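Each chain, letter by letter, is given below.
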Amino acid sequence: MPELRASLARAIGGLSRISGKGGGTTLPGRAMLVLDPSALERLGGQLTDGSVLVSATNGKTTTAAMLSRMVEQSGQQVLANRAGSNMPWGIVTTLLDDREALGLFEVDEAWLPEVAGSLRPRLIVLGNLFRDQLDRYGETESIASSWARLVEGLGRETVLAANADDPLIASVAADSPGRVLFFGIEDKGIALDAPPHAADARRCRRCGGRLVFDRSYLGHLGEYHCPACGLSRPDPDLVATEVELHGAEGVSATLTLGTAEFRLELPLPGVYNLYNALAAITGATALGIDAEEALLALESLPPVFGRAEPVRLPEGEARIFLVKNPVGANEVLRSLDQEEGPLDLWLALNDRIADGRDVSWIWDADFETLAGETRSVVCSGSRAAEMAVRLKYAGVNPESIQVDHEIGQSMVTAIGEATGTLYALPTYTALLELKDYLADHRDLDPFWEGPGQ
Amino acid sequence: MTERVRLLTLYPDELNIYADRGNLLFLRKRCEWRGIEFEAKEAGPGESFSPEEADLIYIGGGQDRDQEAVGADLLETKEEAVTAFVEMGKPLLAVCGGFQLLGRRWSSGDGEEREGLGVFDVSTERGTGKRLIGAVAVEANLLGERLLVAGFENHAGRTRLGVGATPFGTVIAGYGNNGEDGTEGVLRMNSIGTYLHGPLLPKNPRLADLLLALALSPNDPNPPGLAPLEDSLEMAAHQEALDAALRNRKNRNRRSRVRTG
C-alpha cells in the first residue's frame, strides 16, 4: 500500500509538470499527505543516513546548498529539497525519491517545529531570525518562542549549529539538551557604527532588558551583552576574523576552529554570505566532515539562481540579487556600495503571498546608499511605483527612474539602458517571473533547481 | 519668516515595527522641497515633553513586548502633555499599537486589560478569532475634505468606538477597527488614530500634506494650502495601494455594504 500511494503521488506530480502548472515540486507531497498524514515521519524514517534541517530568515537556501555540496564531496549520498519547496509537502515530495541517503532540507521558519518533530534530525542549523513578512510570519519574537519550545523538546541526539551573533538564536540554542556548536564573527574592521535601523532584537529574551551591542555586523547580528541580567554572547566554536569584502565578487576571512586556522575565499559576496558559509562549515563539522574539505567544497560552489549569480544575455550582463526583507536588502546594498558607480539598476517589487502582501518593509531598508550613485533605474512588479517613491525619498534622482509593471519587458528596457553590469533586485515572485521570462525568451534551462527562500 | 514644522516622535526605538520611519522621511522631504524648515524630535521612555515644543506628533506600532513596556511609561511621563497637545487642536497621528495605547483600554499580548491614555474614546480587546491582516482602503474626511486612504493592516485587537466618537473613515475594503462595524480608526479634533500601519503617508500624499498644513496652522479651520509638488510617482503608488485593497475585496467578496468612487 505505501508504495502504491507513493506511485500515485508521483504520477500526480508528473501530470502537473506536463500540464505546465508548476514544476511538480510540491503537488506529489500534498497528494501524499492527504493519502497518508504521517508521510513525513514515515518516509523520513526510511532515510538511511538520517536527516539535517537548515532554517533561518535569510540564507537558508544558500546555506543548505553549501552544506549539501560539502556532504556530497565527502562521498555521501544527499537527498535535498533543492527546488526551494521548504514546507512539509515540499519535503515529502523530495522524500518520494531515493531514500538511501542523508536527507538535507531547508525548512521555512514557521514550519521548522513541525518538520523537526516528524523527522527527529541529527543536526539542525539555525542561521538567524529577522523581521520578515510580518503579515505571514507574525512578529520575530513569536517565531523565536516557537523555536525555543522546539529546542527544549529535542532529544540529546540532535546537535545544533547555531549563530552566536544572533541574540535570539543564541538564547534559543542555549536551552538545548544536546550538543551545540556556535559560530560567529569577531572583526572590528567590518563592524557598523551602530545597529542599523532595521535591527530587531534590541531586547534580551531572558529578562527583557536592553541589549548593548559592542559591535554590529549585520542587522542585529554582532557582539552583544545584557547589562541587566549579565547574559552574553556565547563563545563561538568557529570564529571568522580578518574579513575582507570584495564588492559583488566575494568575501574572504580567516577561520579558527579549535587550534586550527584556515583562510576562506568565498565566491559569494557580503557579510551575509560569510554567515551562510560559517553555518554550513559548522554543520559539516558536526557531521564529522573535515573543515578543510568543507572549505574546498565552498570554493567550487555552483551558483544559485538569484543569489548574486551573473546572467549573460545578448544585450549585456545582469547580476541578480533576491531581496525580500530589510536586512537582506541592506546587505545587497552594502555590496553594491563597493562597486564602481554610477550603477544601472532594475528593482522589482511584487506583493503576492510569497513576497509578503505588505510592502512596508522597503521603508525600513537603507536605499539611501544609492543616492547620487545611479545612472539608470527601472522599477517593476505590482508595486513598482511604491518602489520608485521609496527611491525618490532616498535621494535618487526621480528623473532617472522609469516605472514599468511588466517584469520581462522592464528587464529588456533596463538591460538596454545599462552601460555595464545591470544589478537586478527582485522580490521572490518577481524572481520567479523573471526566471520564466528568461527561460521562454532566452533559451535558458528552466530552473527547477532554482530559487528557494 | 521661515515656516517650520517640529515633528515629535514618541518611542521611536520601541514603536517602529512596520517601517514607521517611512512616514517621517516622507514628511521631512515634503517640507524640505517646499522650503519649510523641518525639525525631528524624539521622546523615549522616561522622557517628558511640553506640548508647546511640537507641531505634529507621531506614534507608531511595536511588538507586543515593546507595546507593553511603553504603555506604563506613557501614562507616567506623557499623559498630560499628549492630552493637552490634542486638545490644543494640534495634529497627531497614532498608528496601530500607538492608536490602541491612546484609547481608554487596550489588551496585552496575553489578553490582560491595560489602561490607556484615554485621549481617544475607543477601547480595544484582544480578538478571539484570527488576526485582521490585509490591504485596506478607507474613505475618510479631514478638514472637510473627502479623501481615499489606502494602506495595510495587521492587528489582533478589535477596537470599538465610544458613543460620541467619530471614526477616521469608513472601510471600503479590508477590516478596519474590528472587521464588523465598517469603521476605521478615530478622529478627535485634528488627531487621528488608525490601523493603517507603517508607512501609510508615502501611499497617501494628500493625507501627509493635510497633516503638514495643520501643523503649520493648527487653529485655522481652513489652513492655507501648501505649494504643490510634482507627485506623479506618489499618485501612482497611491493607486497601486488602492488597487491592492480593491483586489483583496474582490477576492474575498464578503462585504455587502460597499461604497466606492
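Computed from a predicted model, the values in this text were never measured in an experiment.

Asker: Give me the overall build of chain A: which residues, what numbers.
Answerer: A count of helical and extended segments in chain A gives 15 helices and 17 strands. Dimensions along the principal axes, computed over C-alpha positions, put chain A at roughly 60 × 60 × 40 Å. Split into buried and exposed, the 453 residues of chain A put 62% on the buried side. A separation threshold of at least 6 residues defines the contact pool for chain A, and within that pool the share at least 24 residues apart is 67%. Carbon and sulfur atoms form 49% of the exposed surface of chain A, whose accessible area is close to 16,400 Å². Looking at chain A, you have 39 positive and 64 negative side-chain charges, and the mean spots of the two groups are 5 Å apart.

Asker: Which residues make up the domain arrangement of chain A, and what are the values?
Answerer: All names here are of chain A. By the assigned domains, chain A splits into domain 1 (1–37), domain 2 (48–299) and domain 3 (307–442). On a C-alpha basis, the centroid separation for the pair domain 2 and domain 3 is 27 Å. Opposite the 30 residues of domain 2 that make contact, domain 3 presents 26 residues. Buried surface at the junction of domain 2 and domain 3, summed over both partners, amounts to about 2,100 Å²; 47% is from carbon and sulfur atoms. Across the contact surface, domain 2 and domain 3 share one salt bridge. The closest approach of N and O atoms between Arg319 and Glu249, which form a salt bridge, is 3.3 Å. Put simply, domain 2 and domain 3 have eight residue pairs in polar contact (both at pLDDT 80 or more) between them. Elements with a contribution of two residues or more to the side of domain 2 that touches domain 3: α4 (60–73), α7 (134–137), β7 (212–218), β9 (238–246) and α10 (270–286). Across the side of domain 2 that touches domain 3, the residue classes break down as 13 nonpolar, 11 polar and six charged.

Asker: Residue-level account of the state of the cysteines, with values.
Answerer: All names here are of chain A. The full count for this structure, using the stated rule, is zero disulfides over all chains. Of all cysteine sulfurs, the one in Cys204 lies closest to Cys229, which takes part in no disulfide; the gap is 3.8 Å. Of the residues examined, Cys229 reaches a relative accessible area of 28% and is grouped as partly exposed.

Asker: So what about the confidence of the model for chain A? Which residues, and what values?
Answerer: When pLDDT is averaged across chain A, the result is 88; 90% of the residues are at 70 or more. Residue range residues 444–453 of chain A is modelled with pLDDT below 50. Its contacts to residues more than four positions away, or to other chains, number 40 contacts.

Asker: Summarise the interface of chain A and chain B; cite the residues concerned and give the values.
Answerer: Taken together, the contacts link 35 residues of chain A with 35 residues of chain B. Counting the surface lost from both chain A and chain B, the interface buries some 3,200 Å², and carbon and sulfur atoms represent 51% of this. Taken as a group, Glu139, Trp363 and Tyr393 of chain A account for 24% of the area that chain A buries against chain B, more than any other trio of residues on that side. Between the two partners, chain A and chain B, sit nine salt bridges. The partner of Lys392 of chain A in a salt bridge is Glu234 of chain B, with the nearest N and O atoms 2.7 Å apart. One can count 16 residue pairs in polar contact (both at pLDDT 80 or more) joining chain A with chain B. Looking at the side of chain A that touches chain B, the elements with two or more residues in it are α7, α8 (140–152) and α13 (384–394) of chain A. If you tally residues by element for the side of chain A that touches chain B, the top one is α13 of chain A, at eight residues. Grouping the constituent residues of the side of chain A that touches chain B by class yields 11 nonpolar, six polar and 18 charged.

Asker: Talk me through the sheet that holds strand β12 (residues 307–313) of chain A; I want residue IDs and the actual numbers.
Answerer: Two strands in a sheet stick together by hydrogen bonds in their backbones, pointing the same way (parallel) or opposite ways (antiparallel). All names here are of chain A. Read across the sheet, six strands follow the order β12-β13-β17-β14-β15-β16 without closing on themselves; strand pairing throughout is mixed. The outermost strands of the open sheet, each flanked by one partner alone, are β12 and β16 (401–403). On average, each strand axis in the sheet is inclined to that of its neighbour by 20 degrees, with strand direction left out of account. In the packing of helix α12 (residues 326–337) onto the sheet, the strands contacted are β13 (316–321), β14 (343–348) and β17 (422–426), and the crossing angle to β17 comes to about 175 degrees.

Asker: Before we move on, could you go through the sheet that holds strand β2 (residues 37–43) of chain B and cite the residues and values that matter?
Answerer: Residues and elements named next belong to chain B. With respect to topology, six strands assemble into an open sheet ordered β2-β1-β3-β4-β14-β13, the strand pairing being mixed. Edge positions in the sheet fall to β2 and β13 (186–188), since each has one partner strand and no second. Taken over all neighbouring pairs, the strand axes of this sheet differ in orientation by 15 degrees on average, direction set aside. Sheet topology places strand β1 (residues 4–10) next to β2; seven bridges connect them, and they run parallel. Each residue of the ladder has a partner; that of Leu7, found in β2, is Ala40. Packed onto the sheet, helix α5 (residues 205–216) meets β1, β3 (56–59), β4 (92–95) and β14 (191–194) and runs at close to 110 degrees relative to β1.

Asker: Talk me through the packing of helix α1 (residues 21–32) of chain B against α5 of chain B; I want residue IDs and the actual numbers.
Answerer: Between two packed helices, the angle of one axis relative to the other and the distance separating the axes together describe the packing. Residue and element names in this part refer to chain B. With their axes 10 Å apart at the nearest point, α1 and α5 run at an angle of 70 degrees to one another. Overall, the two elements α1 and α5 adopt an arrangement that is roughly perpendicular. Classified by chirality, the crossing of α5 by α1 is right-handed. Residue-level contacts link Phe26, Leu27, Arg30 and Cys31 of α1 to Pro205, Ala208, Asp209 and Leu212 of α5. Looking at the contact of α1 with α5 residue by residue, the classes come out as six nonpolar, no polar and two charged.

Asker: Quick one: what's the story with the nonpolar core, residue by residue and with numbers?
Answerer: The biggest cluster of nonpolar side chains holds 149 residues, and the ones touching the most others in it are Leu67, Met70, Ile185, Phe367 and Leu391 of chain A together with Leu10 and Leu102 of chain B. Per-domain counts for this core show at least three residues from each of domain 2 (48–299) and domain 3 (307–442) of chain A. Phe367 of chain A has contacts with Leu333, Leu347, Ile362, Met387, Arg390, Leu391 and Ala394 of chain A, leaving out every residue within four places of it along the chain. Among the nonpolar cores identified, the runner-up in size contains 46 residues, and Ile91, Leu119, Leu150 and Ala162 of chain A belong to it.

Procedures and definitions
- Residues numbered from 1 in each chain as written.
- Chains lettered and ligands numbered in written order.
- Predicted model: local features only at pLDDT ≥ 70, side-chain atom pairs only at ≥ 80, totals over all residues.
- Heavy atoms only, no water.
- Helix = DSSP H or I, 4+ residues; strand = E, 2+ residues; numbered from the N terminus.
- Buried < 20%, exposed > 50% of the residue type's maximum accessible area, 1.4 Å probe, protein only.
- Contact = heavy atoms within 4.5 Å.
- Areas by Shrake-Rupley, 256 points an atom, 1.4 Å probe, with all protein chains shown as cover.
- Lys, Arg positive; Asp, Glu negative; His and termini not counted.
- Charge placed at Lys NZ, Arg CZ, Asp CG, Glu CD.
- Domains from an automatic or database assignment.
- Buried area = accessible area lost by both parts, 1.4 Å probe.
- Salt bridge = Lys/Arg side-chain N within 4 Å of Asp/Glu carboxyl O.
- Polar contact = N/O pair within 3.5 Å; in protein donor to acceptor, adjacent residues only side chain to side chain.
- Nonpolar A, V, L, I, M, F, W, Y, C, P; charged D, E, K, R; others polar.
- Disulfide = S-S within 2.5 Å.
- pLDDT = per-residue confidence, 0-100.
- Pairing = 2+ DSSP bridges.
- Axes fitted to C-alpha atoms, helices over the stretch in contact; angles between N-to-C directions.
- Parallel < 35°, antiparallel > 145°, perpendicular 65-115°, else oblique.
- Left-handed = near helix turned anticlockwise from the far one by under 90°.
- Core = buried A, V, L, I, M, F, W, Y, C linked by side-chain atoms within 4.5 Å.

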